[in-house]
Amino acid sequence: MMQTHIIGVGGYLPEHVMSNDDLAKVVDTSDEWIRERTGITQRHIIAKDEYTSDLATRAGAQALEDAGLSINDIDAIVVATTTPDMIFPSTASMVQHKLGGKGFPAWDIQAVCSGFVYGLAQVDGMMRGGMFQRVLLIGAESMSRILDWQDRNTCVLFGDGAGAVVLESRDDEGGIIGSVLHCDGSYRDLLLAKHAHPGASPHNNRLDLNTDAAGVAAVEMKGNEVFRFAVTKLGEVVKEVLEKYDVQQSELDWLVPHQANIRILNATAKKLGLSTEQVALTVAKHANTSAASVPLALNDIYRAGKVKKGQVLLLEAFAGGFAWGANLVRWSK
Ligand code: UT7
């Protein structure tokens, strides 16, 4: 039976590192508060002349190299991002061009922090259906560009970066076992960025010549409400994906979670009976890189040589929308 396998992994983090102490110089916060409440110690920030597509291109190039492939071997590029270079064209089309590709399809996915998990589910379905043999899937974000740097409730939480995988469809055991996705649009007001610029929302109505609303973006979040919902729903979705694909909790080797808050990660790991050593942890160094966080966490344990052939990985994420989901993968590389 045709299965979708991860055959290459890559990641890229912008050079500039901003520590909690650096942040405390611009907003009323402290290293102690950020560490204790979130587990974050630093985050990477995109350079002034860089774009999300640049981060994505670097991560994608590393994943291709890791797979031993060139861009000409790829049938499609999918980029999960909530911080595209422009409203259009898609960031994926720019990445295709920057990598030297042409002709094959390229498109973006928007499911905020769950973008990579959604993307893996979507691409896996298409590949099982026989549409593509090899796909480059990337999660890439420049969250620093849509933060209100005066709002300590949100600006301390996020960072920039990109992670990528090359997927191959082949008649071989292992690979993506399956996925579960959810969304509940009624929670929109708890986590959103409604003034995103450039954006096509009514807030940016350029026909109203009096408005200067077409301006800065701002993530807004009711943190503790999101926290509670995330812990509950992630606890449910990890059980659901195990049940759906008949995988026992005891078979799990790795949790590769979205990196929003160490306390949320620990709650999910506890629910699954996993030890700290079985959790891919990058939140301390990367903070929350939204759609990039799951592939960057995967890249981290992969490059450290910790992931072994045959091991079972559970990927999960929770996002604005609210949109959440999980993927099960049997490592076959
Ligand atoms: O990726 C998408 C999913 N996102 C998430 O999953 C994020 C979920 N939420 C969280 O991770 C946590 O709720 C936060 C880290 C955002 C906040 O932690 P909390 O324990 O829920 O704190 P809180 O919002 O209840 O705030 C506690 C206090 C407040 O002060 P008062 O009202 O008790 O006096 C805040 O004003 O901490 C204050 N506070 C800060 N103090 C110093 C909030 N942010 C900061 C800050 N530095 N950066």
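Refer to the structure printed above.
The shown structure was predicted, so the numbers you read here are calculated from the model rather than taken from an experiment. (Residues numbered from 1 in each chain as written. Predicted model: local features only at pLDDT ≥ 70, side-chain atom pairs only at ≥ 80, totals over all residues. Heavy atoms only, no water.)

Visitor: Any chance you could explain the overall build of the protein chain here in plain terms?
Guide: Of the regular secondary structure elements, the protein chain holds 10 helices and 13 strands. Considered along the principal axes of its C-alpha atoms, the protein chain spans approximately 60 × 45 × 35 Å. Across the 333 residues of the protein chain, 55% fall into the buried class. Contacts spanning at least 24 positions in sequence make up 76% of the contacts within the protein chain whose residues lie at least 6 apart. Here the protein chain has roughly 14600 Å² of accessible surface; of this, 50% comes from carbon and sulfur atoms. The averaged location of the 40 negative side-chain charges in the protein chain is 2 Å from the averaged location of its 31 positive side-chain charges. (Helix = DSSP H or I, 4+ residues; strand = E, 2+ residues; numbered from the N terminus. Buried < 20%, exposed > 50% of the residue type's maximum accessible area, 1.4 Å probe, protein only. Contact = heavy atoms within 4.5 Å. Areas by Shrake-Rupley, 256 points an atom, 1.4 Å probe, with all protein chains shown as cover. Lys, Arg positive; Asp, Glu negative; His and termini not counted. Charge placed at Lys NZ, Arg CZ, Asp CG, Glu CD.)

Visitor: How should the sheet that holds strand S11 (residues 254-257) be read in this particular structure?
Guide: Hydrogen bonds along the backbone pair up the strands of a sheet, which may run parallel or antiparallel. One open sheet holds the 4 strands; their spatial order is S8-S13-S12-S11, and the pairing between them is mixed. The outermost strands of the open sheet, each flanked by one partner alone, are strand S8 (175-183) and S11. Pairwise comparison of adjacent strand axes, ignoring direction, gives a mean angle of 15° for this sheet. The pairing of S11 with strand S12 (residues 312-319) spans 4 bridges and is parallel. The partner of tryptophan 254 across the bridge, within S12, is leucine 313. Across the sheet, helix H7 (residues 223-244) lies against S8, S12 and strand S13 (323-330), angled at about 145° from S12, the strand it touches most. (Pairing = 2+ DSSP bridges. Axes fitted to C-alpha atoms, helices over the stretch in contact; angles between N-to-C directions.)

Visitor: Got a minute to help me understand the nonpolar core in this structure?
Guide: For soluble globular proteins, the rule of thumb is that nonpolar side chains tend to be buried together. Core analysis: the biggest nonpolar cluster contains 43 residues, and Leu252, Leu272, Leu314, Phe318, Phe322 and Leu328 have the highest contact counts within it. Those elements giving two or more residues to this core turn out to be H7, helix H8 (262-271), S12 and S13. What leucine 314 contacts, discounting residues up to four positions off in sequence, is Val238, Val241, Leu242, Leu252, Trp254, Leu255, Val256, Leu272, Ala326, Asn327 and Leu328. The next biggest cluster of nonpolar side chains, apart from the first, holds 35 residues, and it includes Ile109, Phe132, Trp254 and Ala291. (Core = buried A, V, L, I, M, F, W, Y, C linked by side-chain atoms within 4.5 Å.)

Visitor: Before we go on, may I ask you to explain the site of the ligand in this structure?
Guide: By nearness alone, 23 residues border the ligand, and Thr29, Arg37, His258, Asn261 and Asn288 come closest of all. Between the ligand and the protein, one listed contact pairs an oxygen atom with a side-chain N or O atom of arginine 37 at 2.8 Å. Within the backbone of arginine 152, an N or O atom sits 3.0 Å from a nitrogen atom of the ligand. Expressed as a share of its isolated accessible area of 960 Å², the protein-covered part of the ligand is 74%. Those elements that provide at least two residues to the shell around the ligand are helix H2 (31-38), helix H6 (152-155), H7 and H8. Counting residues per element, the shell around the ligand draws most heavily on H7, which supplies 4 residues. (Near = heavy atom within 4 Å. Polar contact = N/O pair within 3.5 Å; in protein donor to acceptor, adjacent residues only side chain to side chain.)

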